[in-house]
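Report on the structure
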Amino acid sequence: MKSFKKVALAGAALMPLCLSTPAVAGPDDNALIWSTDREISVPFVWWDTVTEMGAMMYHIYDTLVYRNPETMEYEPLLATSWEWIDDTTLEFKLREGVKYHDGSDFTADDVVKSYSMLLDPATGVRNASFVSWMGAVEKIDDYTVRLNLEKPFPAALEFLAGTRMAVPAAEVWDDLPKKPDGTTDFSQMPSIGTGPYKLASFTPGEEAVLTRNPAYFEGPKGQPEIETITFRTIPDQETRVAELMVGGLDWITDLPSDMIAQLGAMPGVKVINGPDMRIAYLVLDRLGKSGDTPVADVRVRKAIAHAIDREAIAKQIVGPAAEVVNAACYPTQVGCTDDIPHYDYDPEKAKALLAEAGYPEGITVEMGAYRERPHSEAIMGYLAQAGIDTKLTYLQWSGLRERLTAGDIDMAVRTWASSGLNDISAIASVQLSGAPDDICQSPEIQAALAKGDTTVDPEARKAAYKEALTMVAEEVCWIPLFSYSKTYGVNEALEFFPTADGFPLFYLAKWAE
Amino acid sequence: MLAFALKRLGLTLLVLVSVSIITFSLVRLAGDPAIALAGPEATSEEVEAVRAAYGFDRPLPAQYATWLGDVLKGDLGFSNILQRPVLEVVMERLPVTAKLAGLSVLFALIVAIPLGVVAAAKRNTIVDRLALSIAVVGQALPNFFFALVLILVLGVGLRWLPISGDKTFLHYIMPAIALGYFATPAIMRLTRAGMIEVLDSDYIRTARAMGLPRSRVVMKHALRNALIPVVSLTAVQLGFMLSGSIIVESVFSMNGIGRLGWQSIQRTDLEVMQALVLIISVIYLALNYMADLLNGLLDPRLRVQ
């Protein structure tokens, strides 16, 4: 028995020597590994719109216009200046001396080729509504291009700063292989950009490795600091947390709320809470399409708005960086204003409004939801205190969307992240302009939004949106609740700046000295 | 024996067809494939365009007939989400799962057979009970939980093993333990029962009476006979490992077909979901069928059922 013990002890002692630990990222080799549960199938956002690919677009490619993530102002990137020739013509002067990763020069031909491919239906770009505003693109000279829009589109700069507007080298489109059905296999497109990082290797669904571009031009993105950035897909949250603890990962996000305190106390790890452009809102059956519903009465809808303590839900349940939202947009978005009627938390007023509407005993309504259950349960709790009993119908998004389209639900908690676009047209004009799942269906609101969407003059545009937002608030068919917040678990030595659109910008990150 | 084999084969095929019909219907009822395919930011028109383009507006039986026809021709379809042929995607991932399942079964056998032998040899003693409880814990622990315990102890605590991925052999150790442990109780109990039966038989008594040492009798003469049913059980367990790997592969971030299945469910990739259920069913049913035949060969009583 004694000898067995000896052998076991020796074995245990030797174990760590036999099993070499895997290479660990971090400050020592100036590398960074980040991970989420999402997979990337094609390394270009036109065919794979996951946020992670979107984030990598900003690293590998550049756009004509840069949206400064701190000031939210538009700055010149691949373009050096731009000018509205008229309401539908936008002209860009391009930056000279910019080199692609393969050494070729960036010129107007690359822009014309990329944007033409983007507009060509055969390219099969996902969510074509993002680019359909562009009419045609025209080369004026080697360093001047002109966009000829079909109709006035004041949010053009915001969209031009977006991930889809990346400008790969024109040659990437040549000689692409065909799929079995005869169409071009764009997933085989080579990755040649001008950005601060190059795509060094890519394994669909698993990994993408970016390496620093030492010849990156001096521009608003600055010079990248970190040498290698690796994205890994790890589906299980606990596994990601464990990897962060042992240094196998340097950056994870969407931490489970029960782990935030625990992780924050871990040595070598810090938790960052940042803003999130996603906002939650209640939509209500204003027109009474679901039958004899109390929410068809505006006083009941106002009662619901007054009954919810949004501040408490935002700070206590959603996260420290979450904020109460009063208008149907994210506060930083161009065209968004808070100068509209507010519904502050006032349960007594809610009860009085219910009584006035003829429901002194309270009401029972059905509420649909599809995302975070605790948020919906908190809303239900506050509503119950004001005499509004809710039956929660928790569905997958496709299921809830069917109910909303059919118009047979009293109200629902919805959320929208504006696809990271900092312009009100990415939310209000999408959600309130009469799509089948919009249960507001107000022609007046739609008209005001349409005016904003097509007015190029900034002040007139803001006024149109303010009018629309005021009507939404008065009709109370869309009750804005709160913005989300994002949590990040990162290596303690990593300097990371969180952005509200949720795209991690590692070209701004660096390891602390 | 031929009649028995044919009857079993017929039943196996029948199960296979039922599985394919049920899967085909269920995956389409679970969510609207057109909405999933169009993506969360798509407009209603885009969703409708996708619905028409991919034929999701056709009646279910018609969609099934087309699919079955293609499968019989060896075409498992084209994943609209991955934009690649399904067979190619599955084949790329199968080696990881096969390796994992093989290692898991190996682990299960290494743990379960000695435990079963010891338990039978020391029947009804504390050793027997201990062996049984070690095995039963394996079945009682949900494997995602056991996997996390392994990660915490071997990965985070001791830092002996890599936590996620499938790049090296070391990456397979924790997943194989997590998956294989679950199979130990069944194998262990069957080994124990078989050993007890064999040890009580006349020829063992004869062998002992001839003065052969006990260890030699147990290991050489008894174990060989007791293991026959274990072989067919192991075949079935191997099939079970293929499907059980869904959770384990996700936890350890291994790119096998288990994780592919989980991903396909999340992104409503109908083509891949269907193909995976079909492939796993085929493997499982084939292993079961072979186990049936083996049992039928070994035990004539089963053939006349």
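Residues numbered from 1 in each chain as written. Chains lettered and ligands numbered in written order. Predicted model: local features only at pLDDT ≥ 70, side-chain atom pairs only at ≥ 80, totals over all residues. Heavy atoms only, no water.

Our next topic: the pairing of strand E16 (residues 478-491) of chain A. Residues and elements named next belong to chain A. Of all 14 residues in E16, 14 are buried; the element is thus mostly enclosed. In this sheet, E16 lies alongside strand E11 (residues 251-253) in antiparallel orientation, the contact comprising three bridges. Each bridged residue has a counterpart across the sheet, and for Ile 252 the counterpart in E16 is Gly 489. With twelve bridges joining them, strand E12 (residues 269-284) and E16 adopt antiparallel strand pairing. Counted as the bridge partner of Gly 274 is Lys 486 from E16. (Buried < 20%, exposed > 50% of the residue type's maximum accessible area, 1.4 Å probe, protein only. Helix = DSSP H or I, 4+ residues; strand = E, 2+ residues; numbered from the N terminus. Pairing = 2+ DSSP bridges.)

Our next topic: the interface of chain B and chain A. Opposite the 38 residues of chain B that make contact, chain A presents 38 residues. In this assembly, chain B packs against chain A so that about 3200 Å² is buried in total across both faces, 52% of it on carbon and sulfur atoms. Between Glu 207 of chain A and Lys 167 of chain B there is a salt bridge, and its shortest N-O distance comes to 3.0 Å. Summed over the shared surface of chain B and chain A, the result is eight residue pairs in polar contact (both at pLDDT 80 or more). (Contact = heavy atoms within 4.5 Å. Buried area = accessible area lost by both parts, 1.4 Å probe. Salt bridge = Lys/Arg side-chain N within 4 Å of Asp/Glu carboxyl O. Polar contact = N/O pair within 3.5 Å; in protein donor to acceptor, adjacent residues only side chain to side chain.)

Okay, the domain arrangement of chain A next. Residue and element names in this part refer to chain A. Structurally, chain A comprises domain 1 (42-194) and domain 2 (276-485). Roughly 1000 Å² of surface becomes buried between domain 1 and domain 2 when both sides are summed, with 69% attributable to carbon and sulfur atoms. It is Met 72, Pro 154 and Glu 158 that lose the most area in domain 1 upon contact with domain 2, and together they represent 40% of the buried surface on that side. Counting across the interface, domain 1 meets domain 2 through zero salt bridges. Inspection of the domain 1/domain 2 interface yields two residue pairs in polar contact (both at pLDDT 80 or more). (Domains from an automatic or database assignment.)

Residues and elements named next belong to chain A. Here Arg 95 lies in the loop between strand E5 (89-94) and helix H3 (108-119). Buried and unpaired, Arg 95 has no salt bridge, with Asp 62 as the nearest side chain of opposite charge at 7.7 Å. At 3.5 Å, the side chain of Arg 95 forms a polar contact with the backbone oxygen of Glu 218. The residues contacting Arg 95, other than those within four sequence positions of it, are Pro 76, Leu 77, Leu 78, Ala 79, Thr 80, Phe 106, Tyr 143, Phe 217, Glu 218, Gly 219 and Pro 220. (Lys, Arg positive; Asp, Glu negative; His and termini not counted.)

A probe matching the size of a water molecule, rolled over the atoms, marks out where space remains unfilled. All names here are of chain A. Counted by the stated rule, this structure contains six cavities of 30 Å³ or more. Here the largest cavity defines a volume of roughly 110 Å³. In this structure, the largest cavity is lined by 16 residues; those nearest its centre are Asn 326, Tyr 343, Ala 473, Trp 478 and Pro 480. Counting only elements with at least two residues in the lining of the largest cavity, the list comes to helix H14 (458-475) and E16. Residues belonging to the lining of the largest cavity are distributed by class as follows: 13 nonpolar, two polar and one charged. (1 Å grid on protein atoms, 1.4 Å probe; cavity = no way out; pocket = protein on both sides within 12 Å on 5 of 7 lines; lining within 4 Å. Points joined across faces, edges and corners; volume = space filled by probe spheres on them. Nonpolar A, V, L, I, M, F, W, Y, C, P; charged D, E, K, R; others polar.)

This paragraph deals with the nonpolar core. Counting 83 residues, the largest nonpolar core has Phe 92, Tyr 115, Trp 133, Leu 147 and Leu 160 of chain A as its most contacted members. Sequence-distant contacts of Leu 147 of chain A, that is, excluding residues within four places in its chain, are made with Thr 88, Thr 89, Leu 90, Phe 92, Tyr 115, Trp 133, Met 134, Ala 136, Val 137 and Leu 160 of chain A. Among the nonpolar cores identified, the runner-up in size contains 64 residues, and Val 96, Leu 115, Ala 222 and Val 248 of chain B belong to it. (Core = buried A, V, L, I, M, F, W, Y, C linked by side-chain atoms within 4.5 Å.)

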